[in-house]
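Observations on the model geometry
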Amino acid sequence: MFSSQKNIDSIILLYQIQDQVFNLKDIAVLFGETNFSTLSQKLNYYVRTGKLLNPRKGIYAKPGYSAEELAGKIYTPSYISLEYVLQQAGVVFQYDSRVTCVSYLSREIEVQAKTLSYRKIKGEILANMKGLELRSNVWVATPERACLDLLYLDKNYFFDNFAALNKRKIEELLPVYNSKALTARVQNLLKNHGH
């Protein structure tokens, strides 16, 4: 089937890079493999022998992978945002175990007891990289960008600790949304929270 030395070299190559989660195309490029059938056989072998996990069709991961990196790989383009980021930043206090993202579609999926939630946002907003940071191979919104994403998608959202956000950064990010209604809501929030 395959030479075991070549299999060992391939898996070592995979483990030498920082990424934890891969799709078939990522691995094909990394291995220099153009035959997807051969590559699938090789990956299925790694899954059977416990060297890789297959958390979702077409997605492979190293054991101990992060749910955040998985969320960023399943639907692309997407980035982590909304409640997940705001909860970590202390802006919303209500615990929510979901990894929340914005993407080109709305979906909620379960992968190995973890809920990944995607909300659809306009393509121009999704493509704009302002207020996004690359953290451990995953695009993540800053708290200010996550706040604006959430207000864009849910105009009546309540923030427990709006004062934790940086007013200047919020104002710099507002043009990304090109929305007079959002700008008016945000300026009202800023005024009411003494920024």
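Anything mentioned here points back to the structure above.
Below: a short report on this structure. (Residues numbered from 1 in each chain as written. Predicted model: local features only at pLDDT ≥ 70, side-chain atom pairs only at ≥ 80, totals over all residues. Heavy atoms only, no water.)

**Some thoughts on the nonpolar core**
We apply this condition: By nonpolar core is meant a set of buried Ala, Val, Leu, Ile, Met, Phe, Trp, Tyr and Cys residues that side-chain atoms within 4.5 Å join together. Burial here depends on accessible area, computed with a 1.4 Å probe over protein chains only, as a share of the maximum for the residue type. Under 20% is buried, over 50% is exposed, and the range in between is partly exposed. Per the convention used, a helix needs a DSSP run of H or I reaching at least four residues, while a strand needs a run of E reaching at least two, with both numbered from the N terminus. Working rule for contacts: check all heavy atoms of both residues, and any pair within 4.5 Å makes them a contact.
Membership of the largest hydrophobic core comes to 49 residues, with the highest contact counts inside it found for Ile 74, Leu 86, Leu 116, Tyr 118 and Phe 159. With five residues, the top contributor of residues to this core is helix H7 (residues 143–153). Apart from residues lying up to four places away in sequence, Tyr 118 is in contact with Leu 70, Ala 71, Ile 74, Tyr 75, Ser 78, Cys 101, Ser 103, Leu 105, Ser 106, Arg 107 and Ile 109.

**Focus: the packing of aromatic side chains**
The criterion, for reference: By convention, a stacked pair of Phe, Tyr or Trp rings (six-membered ring in the case of Trp) has centres within 6.5 Å and planes under 30 degrees apart, an edge-to-face pair has planes over 60 apart, and any other such pair is tilted. Only when the NZ of Lys or the CZ of Arg is both within 6 Å of the ring centre and within 35 degrees of the ring normal is a charge said to sit over the ring.
All chains considered together, the criterion is met by six aromatic pairs. One aromatic cluster is present, formed by Tyr 75, Tyr 104 and Tyr 118 through successive ring pairs. Positioned above the aromatic ring of Tyr 15 is the side chain of Lys 62, whose terminal nitrogen or guanidinium carbon lies 5.4 Å from the ring centre.

**Side note on the environment of Asn 188**
Along the polypeptide, Asn 188 turns up in helix H9 (residues 180–192). Since its relative accessible area comes to 38%, Asn 188 is described here as partly exposed. Residues Asn 188 and Lys 73 lie 115 residues apart in sequence; the distance between their C-alpha atoms is 36 Å.

**Here we look at the side chain of Thr 100**
Keep this limit in mind: Contacts described as polar in this section are N or O atom pairs within 3.5 Å, which, within protein, must combine one atom able to donate a hydrogen with one able to accept it, while residues neighboring in sequence count only if both atoms come from side chains.
The residue Thr 100 is located in strand S5 (residues 99–103) in this model. Here Tyr 84 takes part through its backbone nitrogen, which lies 2.9 Å from a polar atom of the side chain of Thr 100. Each residue touching Thr 100, except ones within four places of it in the same chain, is listed here: Tyr 79, Ile 80, Ser 81, Leu 82, Glu 83, Tyr 84 and Ser 117.

**Here we look at the pairing of strand S8 (residues 132–135)**
Spelled out, the test is: A pair of strands is labelled paired if DSSP reports no fewer than 2 bridges between them.
Bridge count for S8 against strand S9 (residues 138–141) is four bridges, and the pairing is antiparallel. Bridging across to S9, Glu 133 finds its partner in Val 140. What sits between S8 and S9 in their antiparallel hairpin is a turn of two residues, with Ser 136 showing a positive phi close to 50 degrees.

**Let's talk about H7**
In terms of residue burial, H7 counts as a mostly covered element, since eight of its eleven residues are buried. By the burial criterion, the buried members of H7 are Glu 144, Arg 145, Ala 146, Cys 147, Leu 148, Asp 149, Leu 150 and Leu 151.

**Observations regarding H9**
Turn by turn, an α-helix covers 3.6 residues, leaving residues three or four places apart pointing in a common direction. Going by this rule: Each residue after the first adds 1.5 Å to the expected span of a helix. The directions considered for the arc are those from the helix axis to the C-beta atoms.
Helix length check: H9, at 13 residues, gives a terminal C-alpha distance of 18 Å against a target of 18 Å (1.5 Å per residue), a fit within 8%. Along H9, the positions that sit buried rather than exposed are Leu 182, Val 186, Leu 189 and Leu 190. The buried residues of H9 occupy one face: seen down the axis, they fall within an arc of 100 degrees. Exposed positions of H9 whose direction lies more than 90 degrees from the buried face are Lys 180, Lys 191 and Asn 192. Of the surrounding secondary structure, the elements contacted by the buried residues of H9 are H7 and helix H8 (167–173).

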